[in-house]
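Listed here are the chains, written in short residue letters.
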Amino acid sequence: MHSYRISHAARLLGVSDDTVRRWIDQGALPTTGESPVTVPGAALAAHAADVAAAAHDASDVLSSARNKFVGLVTRVQIDGVMAQVDIQAGPHRVVSLMSSEAVRELELEPGSLAVAVVKATNVIVETPKD
């Protein structure tokens, strides 16, 4: 069974250590009872999924897409016909290459709320060495 110290759990969830401590105090996250305090990996994963599901999808449309990242546009670079749009969704940076016409039509600029929908047919998964 994997377990994570508060600081590591906070980094994984993209929140502060104090937020994780508050969730523990409120009973939203259990601990293993060990010292120093650790959170069971399965409980942390479930909480991460709950937090992600609670993020508001600004599109308000039904979709078959499951890989959606709600976040803020942090950078827009337009170069002729193409543009690069960076979105910060929690701890995740999502970069999209699209037409500059689409950027203008969507009125994307730093601070805009956006939803990145990712379709991947090849996903690489890595784990750290123990």
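A few points on the structure. Quick caveat: nothing in here was measured; it's all calculated off a predicted structure.

**Quick notes on the packing of helix H1 (residues 6–13) against helix H2 (residues 17–25)**
At step 1: Between H1 and H2, the shortest axis-to-axis distance is 8 Å and the interhelical angle comes to 105°. Taken together, H1 and H2 sit at an angle that is classed as roughly perpendicular. For the pair formed by H1 and H2, the contact residues are Ile6, Ser7, Ala9, Ala10 and Leu13 on the first element and Asp17, Val20, Arg21, Trp23 and Ile24 on the second.
At step 2: Counted by class, the contact of H1 with H2 contains seven nonpolar, one polar and two charged residues.

**Description of the environment of arginine 66**
At step 1: Inspection of the secondary structure assignment puts arginine 66 in the loop between helix H3 (41–54) and strand S3 (68–79).
At step 2: Residue class for arginine 66 comes out exposed when judged on its relative accessible area of 68%.
At step 3: In sequence terms arginine 66 and valine 118 are 52 residues apart; their C-alpha atoms lie 8.2 Å from each other.

**A short note on the sheet that holds strand S5 (residues 92–99)**
At step 1: In space, the four strands of this open sheet follow the order S5-S4-S3-S6, with antiparallel pairing throughout. Both edges of this open sheet fall to S5 and strand S6 (113–117), since each of them pairs with a single strand only. Across the sheet, the mean angle separating the axes of adjacent strands is 45° when strand polarity is ignored.
At step 2: Here S3 pairs with strand S4 (residues 82–89) via seven bridges, running antiparallel. Along S4, the bridge assignment pairs leucine 72 with glutamine 88.

**Here we look at H2**
A turn of α-helix holds 3.6 residues, and therefore any two residues three or four places apart point the same way.
At step 1: Among the residues of H2, Thr19, Val20, Trp23 and Ile24 are the ones counted as buried. All buried residues of H2 project into a common sector of 140° when viewed along the axis, lining one side.
At step 2: Within two residues after H2, glycine 27 carries a phi angle of roughly 85°, on the positive side.

**Observations regarding the environment of tyrosine 4**
At step 1: Looking at the element boundaries, tyrosine 4 is found in strand S1 (residues 3–5).
At step 2: Given a relative accessible area of 23%, tyrosine 4 falls into the partly exposed group.
At step 3: Residues tyrosine 4 and valine 39, 35 residues apart in the sequence, show an inter-C-alpha distance of 5.2 Å.
At step 4: Other than its neighbours up to four places away in sequence, tyrosine 4 contacts Ala9, Leu12, Val37, Thr38, Val39, Gly41 and Leu44.

**Remarks on H1**
At step 1: Of the positions making up H1, those classed as buried are Ile6, Ala9, Ala10 and Leu13. With its buried residues spanning 100° around the axis, H1 presents them on a single face.

**What about the pairing of S4?**
At step 1: Remark: two residues form the turn of the hairpin made by S3 and S4, two consecutive strands paired antiparallel; glycine 80 in that turn has positive phi of roughly 70°.
At step 2: As consecutive antiparallel partners, S4 and S5 are separated by two residues, and within that stretch glycine 90 has a phi angle of approximately 65°, a positive value.

**Considerations on the pairing of S5**
At step 1: Relative to S5, S4 runs antiparallel, the two being bridged by eight bridges. Paired with glutamine 88 across the bridge in S5 is arginine 93.

**Regarding the pattern of salt bridges**
Two side chains carrying opposite charge are able to pair once their charged atoms lie near each other.
At step 1: This model, assessed by the stated rule, comprises three salt bridges.
At step 2: For aspartate 18, the salt bridge identified is with arginine 21, shortest N-O distance 3.1 Å. Here the residue aspartate 18 and the residue arginine 21 both occupy positions in helix H2, the gap between them amounting to three residues, near one helical turn.
At step 3: Residue classification places aspartate 18 among the partly exposed residues on the basis of a relative accessible area of 46%.
At step 4: Judged by its relative accessible area of 37%, arginine 21 is partly exposed.
At step 5: In this structure, the salt-bridge partner of arginine 75 is aspartate 86, at a minimum N-O distance of 3.3 Å. Placement of the pair is arginine 75 in strand S3 and aspartate 86 in strand S4, with a sequence separation of 11 residues.

About the criteria used
- Residues numbered from 1 in each chain as written.
- Predicted model: local features only at pLDDT ≥ 70, side-chain atom pairs only at ≥ 80, totals over all residues.
- Heavy atoms only, no water.
- Axes fitted to C-alpha atoms, helices over the stretch in contact; angles between N-to-C directions.
- Helix = DSSP H or I, 4+ residues; strand = E, 2+ residues; numbered from the N terminus.
- Parallel < 35°, antiparallel > 145°, perpendicular 65-115°, else oblique.
- Contact = heavy atoms within 4.5 Å.
- Nonpolar A, V, L, I, M, F, W, Y, C, P; charged D, E, K, R; others polar.
- Buried < 20%, exposed > 50% of the residue type's maximum accessible area, 1.4 Å probe, protein only.
- Pairing = 2+ DSSP bridges.
- Arc of directions from axis to C-beta.
- Salt bridge = Lys/Arg side-chain N within 4 Å of Asp/Glu carboxyl O.

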